[in-house]
Amino acid sequence: MEVVNSKGLGVTKDATTGSSTRDRLLTVAEQLFAEHGVFAVSNRQVSEAAGQGNNAAVGYHFGTKIDLVRAIVQKHAGQIEQHRCNLVAGIQGSTEVRDWVTCLVQASTGHYARSRTSSWYARFSAQVLTDPGLRDIVYAEAMASPSLQQTIAGLAACLPDMPGDVRQARSDMMRQLMTHMCAERERAIAESSGSEAMGQSGDWTDFTIDLVDAIVGLWLAPVTR
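Residues numbered from 1 in each chain as written. Predicted model: local features only at pLDDT ≥ 70, side-chain atom pairs only at ≥ 80, totals over all residues. Heavy atoms only, no water.

### Some remarks on the pattern of salt bridges
Across all of its chains, the model carries ten salt bridges by this definition. Across the salt bridge formed by E141 and R70, the nearest N and O atoms sit 3.9 Å from each other. Highlighted residues: E141 in helix α7 (residues 132-143) and R70 in helix α4 (residues 65-89), separated in sequence by 71 residues. For R123, the salt bridge identified is with E186, shortest N-O distance 2.7 Å. Here the residue R123 occupies a position in helix α6 (residues 121-128), and E186 occupies one in helix α9 (residues 164-193), the gap between them amounting to 63 residues. With respect to burial, R123 and E186 carry one shared label: buried. One continuous salt-bridge network, built from bridges that share partners, spans D67, R70 and E141. (Salt bridge = Lys/Arg side-chain N within 4 Å of Asp/Glu carboxyl O. Helix = DSSP H or I, 4+ residues; strand = E, 2+ residues; numbered from the N terminus. Buried < 20%, exposed > 50% of the residue type's maximum accessible area, 1.4 Å probe, protein only.)

### A word on the packing of α4 against helix α8 (residues 146-157)
One way to put it is that α4 packs onto α8 with a least axis distance of 9 Å and a crossing angle of 40°. Relative to α8, the element α4 is oriented oblique. Read as a crossing pair, α4 and α8 show a hand that is left-handed. Across the interface between the two elements, E81, R84, C85 and V88 from α4 touch P146, S147, L148, Q150 and T151 from α8. (Axes fitted to C-alpha atoms, helices over the stretch in contact; angles between N-to-C directions. Parallel < 35°, antiparallel > 145°, perpendicular 65-115°, else oblique. Left-handed = near helix turned anticlockwise from the far one by under 90°. Contact = heavy atoms within 4.5 Å.)

Note that all results are geometric; they support no functional claim without further evidence.
Put into structure tokens, the structure is as follows:
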């Protein structure tokens, strides 16, 4: 159920009920940042939307807004890492581009699908990655993942030969596809359900296959220049 506070910001009530103050702040901040952008929402608005009488609650529990963004990323990173580790373990030694791309994509889409409540993290990530400073934080957190490094190395080892600048461009395209298409799928699921509903796994299954197909095609497309 979504409620609207005095600032006109929607908050999913069920996602925060019974949680600790810190968890409520994280959940509410993730939703508001996903909907409105990180710098369009103040720490005070986050505190108010989380039902905190103390408007300095975000500063007390996290510090700066950047610290809050980092905490949201870290909240999800551990679960994504565990899922990716399991996927990587299942394809050790593979020389198939599709296997490694599937690891990259499914580590994220599987996380969104398994969300016990509504999923906001794909849209949050898309908002964060549009800001250069915040993007560096997310990339730094991501590259600290051993399974991500292993997946990237596995993919690189089985790609066809191509100029370095082409490989970099296609890597950037892959990242943009994953980030923004996942955000669009998450938004579409929310809108089609009429509310931020549970039980989204089926909505992500076909999408995951389609996204993997597109990225595999991107990597294996001929270089014509």
